[in-house]
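These are the residues of each chain, in order.
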Amino acid sequence: LRAGNIVEDLRRRDLTINALGVSLGEDTTELIDPTGGLRDLRAKRIRVGDPQVLAEDPLRLLRSVRLAAQLEFAIDETTAQAIRQHAPSLGRVAPERLREEFFGILNCSVAGRWLAAMDDLALLEVLFPETRQMRGCLQGPPHRFDVLAHSLETVRSLDGILHRLPKLFSRQAVFLIGPLGAEVEGGISRWALLRFAALLHD
């Protein structure tokens with residue numbers, strides 16, 4: 001235990017849904033839920049019990065988005081505000097830890113939506129400072145958005161294409177889906193690399 005007892009230990013976990021314990025008594029099995037994690041699990045909600053846990057390990061900022069993307073949960077608004085507040089501290093995290101969480105997001109089928117959420121939460125520009133220059137940088141016709149919005153929309157469009165591959169290319173889909181889903185290294189798939197290329201294409 002990192003605290004004096006199981007309840008205090010659970011309170012120091014990153015998210016409420018990760019702060020559930022079970023008492024293994026002889027006569028009864030009792031759920032230990034000091035932060036309301038079961039309620040959040042049922043509501044499909046990502047929430048921190050105490051915003052201070054984000055300051056203790058800033059990787060939790062990005063992990064919150066990755067779990068929301070993988071589980072198709074929503075991020076609680078109070079938690080979202082805390083993430084924005086602590087966003088600059090993400091720059092203190094080791095790059096290899098950031099890479100694992102970031103590509104976990106890119107492995108999701110709606111990665112474009114969550115990259116936009118990362119931008120809204122002020123996390124994207126900490127990971128990629130170049131996005132500051134992309135924002136507000138206009139392009140000529142036929143472009144309708146600035147470079148950043150265009151890049152995020154490109155990833156969203158790619159998500160749609162990848163989702164519809166079997167219908168768009170019925171004969172070739174079997175030859176595309178397997179290789180695209182293959183792992184390149186460290187849990188990173190070609191799907192994720194393709195989305196990453198789409199984000200950075202401009």
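Residues numbered from 1 in each chain as written. Predicted model: local features only at pLDDT ≥ 70, side-chain atom pairs only at ≥ 80, totals over all residues. Heavy atoms only, no water.

Can you walk me through the environment of Ser189 in this structure?
Secondary-structure assignment places Ser189 in strand E6 (residues 188-189). What makes Ser189 buried here is its relative accessible area of 6%. When the C-alpha positions of Ser189 and Leu106 are compared, they lie 8.8 Å apart, and in sequence the two are 83 residues distant. For Ser189, the side chain forms a polar contact with the side chain of Asn107, separated by 2.5 Å. (Helix = DSSP H or I, 4+ residues; strand = E, 2+ residues; numbered from the N terminus. Buried < 20%, exposed > 50% of the residue type's maximum accessible area, 1.4 Å probe, protein only. Polar contact = N/O pair within 3.5 Å; in protein donor to acceptor, adjacent residues only side chain to side chain.)

Quick question: what am I supposed to make of the packing of aromatic side chains here?
Here the distance between the centres and the angle between the planes together describe a pair of aromatic rings. Counted under the stated rule, the structure contains five aromatic pairs. Taking 5.6 Å as the distance between ring centres and 80 degrees as the angle between the ring planes, the aromatic pair formed by Phe102 and Phe103 counts as edge-to-face. Judged by its relative accessible area of 4%, Phe102 is buried. Taking the relative accessible area as the measure of exposure, Phe103 reaches 9% and is therefore buried. Relative to Phe196, the ring of Phe128 has its centre 5.8 Å away and its plane inclined at 45 degrees; by these criteria the two rings are tilted. Here Phe196 lies in helix H13 (residues 190-200) and Phe128 lies in the loop between helix H8 (124-127) and helix H9 (131-134), a separation of 68 residues in the sequence. Aromatic ring contacts, followed pair by pair, group Phe102, Phe103, Phe128 and Phe196 into a single cluster. (Phe/Tyr/Trp six-rings, centres within 6.5 Å; stacked < 30°, edge-to-face > 60°.)

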